[in-house]
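Coordinate inspection notes
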Amino acid sequence: MNSKVKETALTVAGLTAVLAGGQQVVNAATTYTVHPNDTLSNLAAKFNTTVEDLVKTNNISNADLIFTDQKLTIADSETDTATSVAASVAQTADEAASTAASQAASSAAASIAASSEAAASTAASSAAAASSAAAKSSAAASSEAAASSAATTTTASSTATTTTSTSSTSGSVYSQFIAAGGTDSLWTYIVMPESGGNPNAVSASGYHGLGQTKQSWGYGDVATQTAGLVNYAVSRYGSIDAAVQFRLSNGWW
């Protein structure tokens, strides 16, 4: 191997080490548990990010609605930069590897012209190197596919568990709501659109509970919140049905 080939090989090895370090930085992130009265705008300011990034990173469908004890992933500020550096290093490593292969081929051709025995030896070495490289590439691809499959399985399992838990909790809350004097129409047309049936729901504007209010009854148990909802509907609109009709017509109540 001539000096240029050695130099290129060392460059590839150095770039590979840098790329590995870059990948470790990219994976850095923070998991945050939502506390009562937290909002996305407050969290964005706290972690030096934006509401849009929090919504995108955590697949939040309603930026005005997060739940107490909800887990949020907050990307570190260095992630984007590290990703760009890793991509650039990977491209440079590929180019360096290509150069090394080209120089190795030229060296082999020169050896063949000088000696048939040396040519045979060089050909055998090149074949062995190619076979080893192919085997390593195949192993890397298999590892990546396995990791991707494991991640997909874990995500699907987590989603299924969350969905089951939410359904169970919602059903329990609904039963308590009905038992405390609430009606199905009040639940369907006011509670669900306002809070998703979660008595601990907090909006970005600081509204709380099943009916999304800042009044004290919005922070009590399900029975307390149900009584507050019913009293509010009757005192403000005259009846639960009138309150439901107002909510359907205006999108708020």
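How each quantity is defined
- Residues numbered from 1 in each chain as written.
- Predicted model: local features only at pLDDT ≥ 70, side-chain atom pairs only at ≥ 80, totals over all residues.
- Heavy atoms only, no water.
- Helix = DSSP H or I, 4+ residues; strand = E, 2+ residues; numbered from the N terminus.
- Buried < 20%, exposed > 50% of the residue type's maximum accessible area, 1.4 Å probe, protein only.
- Contact = heavy atoms within 4.5 Å.
- Phe/Tyr/Trp six-rings, centres within 6.5 Å; stacked < 30°, edge-to-face > 60°.
- Lys NZ or Arg CZ within 6 Å of the ring centre and 35° of its normal.
- pLDDT = per-residue confidence, 0-100.
- Arc of directions from axis to C-beta.
- Pairing = 2+ DSSP bridges.
- Expected span 1.5 Å × (residues − 1).

1. Some remarks on the overall build of the chain
Along the chain, the regular secondary structure elements total 8 helices and 4 strands. Of the regular secondary structure in the chain, the N- to C-terminal order runs α-β-α-α-β-β-α-α-α-β-α-α. Here the chain, with 253 residues, has 26% of them falling under the buried criterion. Considering only contacts in the chain between residues 6 or more positions apart, those separated by 24 or more positions represent 54%.

2. Some remarks on the packing of aromatic side chains
Applying the stated criterion to the full structure yields 8 aromatic pairs. Pairing Tyr32 with Phe47 gives two aromatic rings, centres 5.5 Å apart and planes at 70°, and the pair type is edge-to-face. Placement of Tyr32 in strand β1 (residues 29–33) and of Phe47 in the loop between α2 (40–46) and α3 (51–58) is noted, with a sequence separation of 15 residues between them. Classification of Tyr32 as buried rests on a relative accessible area of 10%. Between Phe177 and Trp187, the aromatic rings sit 5.2 Å apart at their centres with planes inclined by 55°, giving tilted as the arrangement. Pair noted here: Phe177 is in helix α5 (residues 116–179) and Trp187 is in helix α6 (residues 184–195), with a separation of 10 residues, a long-range link. As far as the burial class goes, Phe177 and Trp187 line up, both buried. Grouping aromatic residues by their ring pairs yields a cluster made of Tyr232, Tyr237, Phe246, Trp252 and Trp253. Lying across the ring of Tyr207, Lys214 places its NZ or CZ 4.8 Å from the centre.

3. Side note on unusual backbone geometry
The phi dihedral of Asn48 is positive, around 55°, even though this residue is not glycine. Structurally, Asn48 can be placed in the loop between α2 and α3. For Gln212, which is not a glycine, the phi torsion comes out positive at approximately 55°. In this structure Gln212 comes out as buried when scored by relative accessible area, which is 11%.

4. Focus on the environment of Ala243
Tracing the sequence through the fold places Ala243 in helix α8 (residues 240–250). For the pair Ala243 and Ile190, spaced 53 residues apart in the sequence, the C-alpha separation amounts to 8.5 Å. Not counting residues up to four positions away in its chain, the partners in contact with Ala243 are Ile190, Ala233, Tyr237 and Trp253.

5. Notes on the confidence of the model for the chain
Residue-level pLDDT values for the chain average 74, and 52% of them are 70 or greater. A low-confidence stretch, residues 79–86 (pLDDT under 50), is modelled with 7 contacts involving residues beyond four sequence positions or located in other chains.

6. Side note on α6
If you check which residues of α6 are buried, you get Leu186, Trp187, Ile190, Val191, Glu194 and Ser195. Buried residues along α6 cover an arc of 125° about the axis, so they all sit on one side. Directly after α6, the chain includes Gly196, whose backbone phi takes a positive value near 70°.

7. Notes on the pairing of strand β3 (residues 71–75)
Along β3, the buried face is formed by Leu72 and Ile74; none of Lys71, Thr73 and Ala75, which line the opposite face, is buried. Note that β1 and β3 share 5 bridges and pair antiparallel. Across the sheet, Thr30 pairs through a bridge with Ile74, a residue of β3.

8. Section: helix α7 (residues 222–237)
Here α7 is 16 residues long and its end C-alpha atoms lie 22 Å apart, about the 22 Å a rise of 1.5 Å per residue gives. Within the span of α7, buried status applies to Val222, Gln225, Thr226, Gly228, Leu229, Val230, Ala233 and Tyr237. Downstream of α7 by a residue or two, Gly238 has a phi angle that is positive, lying close to 95°.

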